[in-house]
Amino acid sequence: MIDPGALGRRLHDLRADRGLALSALAARAAVSVSMLSAIERGEKTPTVVVLSRIADGLGLSLSRLLADLESDRVIVRRAAEQDHVAEPGGWHRTVLTPVVPGVNFEWIRTTLPPGCDAGSFPAYAAGSHEFVAVESGTLWLGVGSAEYVLAAGDSVYFPADETHSYANRGAEPCSYHVAALVMRSRLTRPITSS
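Please read all numbers here as calculations on a predicted model, not as lab measurements.

What counts and what doesn't
- Residues numbered from 1 in each chain as written.
- Predicted model: local features only at pLDDT ≥ 70, side-chain atom pairs only at ≥ 80, totals over all residues.
- Heavy atoms only, no water.
- Helix = DSSP H or I, 4+ residues; strand = E, 2+ residues; numbered from the N terminus.
- Salt bridge = Lys/Arg side-chain N within 4 Å of Asp/Glu carboxyl O.
- Buried < 20%, exposed > 50% of the residue type's maximum accessible area, 1.4 Å probe, protein only.
- Pairing = 2+ DSSP bridges.
- Axes fitted to C-alpha atoms, helices over the stretch in contact; angles between N-to-C directions.
- Patch = residues over 30% accessible without salt bridge, like charges linked within 9 Å, V, L, I, M, F, W, Y side chains within 5 Å.
- Areas by Shrake-Rupley, 256 points an atom, 1.4 Å probe, with all protein chains shown as cover.
- pLDDT = per-residue confidence, 0-100.
- Contact = heavy atoms within 4.5 Å.
- Parallel < 35°, antiparallel > 145°, perpendicular 65-115°, else oblique.
- Left-handed = near helix turned anticlockwise from the far one by under 90°.
- Nonpolar A, V, L, I, M, F, W, Y, C, P; charged D, E, K, R; others polar.

## Side note on unusual backbone geometry
Part 1 of the argument: The phi dihedral of Ala-30 is positive, around 55°, even though this residue is not glycine.
Part 2 of the argument: As for its placement among the helices and strands, Ala-30 is situated in the loop between α2 (22-29) and α3 (33-40).

## Some remarks on the pattern of salt bridges
Part 1 of the argument: Overall, the coordinates contain four salt bridges when judged by the stated rule.
Part 2 of the argument: Salt-bridge contacts for Glu-87 lead to Arg-93; the nearest nitrogen and oxygen are separated by 2.8 Å.
Part 3 of the argument: Classification of Arg-93 as partly exposed rests on a relative accessible area of 22%.
Part 4 of the argument: The closest approach of N and O atoms between Glu-147 and Arg-169, which form a salt bridge, is 2.9 Å. In this pair, Glu-147 is assigned in strand β7 (residues 146-151) and Arg-169 in the loop between β9 (164-168) and β10 (174-181), connecting sequence segments 22 residues apart.
Part 5 of the argument: Classification of Glu-147 as partly exposed rests on a relative accessible area of 45%.

## Some thoughts on the sheet that holds β7
Part 1 of the argument: One open sheet accounts for four strands, arranged β4-β9-β6-β7; its pairing is antiparallel. Two strands close off the open sheet at either side, each with one partner strand: β4 (116-121) and β7. Each adjacent strand pair in this sheet contributes to an overall mean axis angle of 15°, direction not counted.

## Some details on the sheet that holds β10
Part 1 of the argument: Taken in spatial order, the six strands of this open sheet run β1-β2-β3-β10-β5-β8, and their pairing is antiparallel. The open sheet has two free edges, formed respectively by β1 (83-86) and β8 (155-159), since each of these has just one partner strand. For this sheet the average axis-to-axis angle between neighbouring strands, irrespective of direction, equals 20°.

## So, the environment of Tyr-166
Part 1 of the argument: Locating Tyr-166 in the fold gives a position in strand β9.
Part 2 of the argument: Separated by 27 residues in sequence, Tyr-166 and Leu-139 place their C-alpha atoms 6.9 Å apart.

## Re a nonpolar patch on the surface
Part 1 of the argument: On the surface, Val-103, Phe-105, Trp-107, Leu-181 and Met-183 cluster together into a nonpolar patch covering about 430 Å² of accessible area.
Part 2 of the argument: Within the secondary structure, Leu-181 sits in strand β10.

## Overview of the confidence of the model for the protein
Part 1 of the argument: The predicted model of the protein has a mean per-residue pLDDT of 85, with 89% of residues at 70 or higher.
Part 2 of the argument: Overall, residues 185-194 carries pLDDT values under 50, and its contacts beyond four positions in sequence, including any with other chains, amount to 39 contacts.

## Looking at the packing of α2 against helix α4 (residues 48-58)
Part 1 of the argument: Put simply, α2 and α4 touch, their axes get as near as 8 Å, and they point 110° apart. It follows that α2 is roughly perpendicular to α4 by the angle criterion. Here the hand of the crossing between α2 and α4 comes out right-handed. The segment α2 lies against α4, with Leu-25, Arg-28 and Ala-29 engaging Arg-53, Ile-54, Gly-57 and Leu-58.
Part 2 of the argument: Counted by class, the contact of α2 with α4 contains four nonpolar, one polar and two charged residues.

Below is the structure:
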């Protein structure tokens with residue numbers, strides 16, 4: 001398991017060694033200054049995607065960034081440690097998976113209120129994959145130029161190297177899970193703390 005304090009100290013030292021201000025690394029990594037600061041203080045445990053972006057911003061591989069920080073082969077992420085993100089438009093995501101060095105995998109639970117369009121997301125690098133399983137409600141999933149309507153219990157796989165979108169055009173909330181294997185971080189809107 002990675003100790004958040006040790007990770008924060010390592011990030012601070014790597015940033016300082018490169019003469020980068022928090023804002024400079026945040027811009028390079030497409031991560032908000034507040035998120036980066038919270039990680040350096042050991043107050044937040046970043047997701048794999050966020051860590052990968054920070055590694056890119058530092059000019060390192062993710063495995064090099066996390067070298068010597070893993071103290072246990074079994075990593076438990078308690079419910080209280082999960083990242084809960086309230087997005088504009090009323091939708092909510094929870095990152096369920098712990099950060100595992102060298103494994104670019106995330107499992108996210110998302111809830112979209114009725115009539116909510118979560119928007120379009122840029123493609124990940126080639127070789128990335130997403131699996132989606134709808135828990136309740138109806139999900140409108142866009143992949144490239146195609147759209148798929150998924151009901152509770154439905155699941156889908158798609159190569160995540162295409163633009164994709166999620167929407168709930170129904171009258172009931174929609175909850176779904178996304179399991180993503182990301183080959184490389186995508187540079188999108190900055191990730192902010194919540």
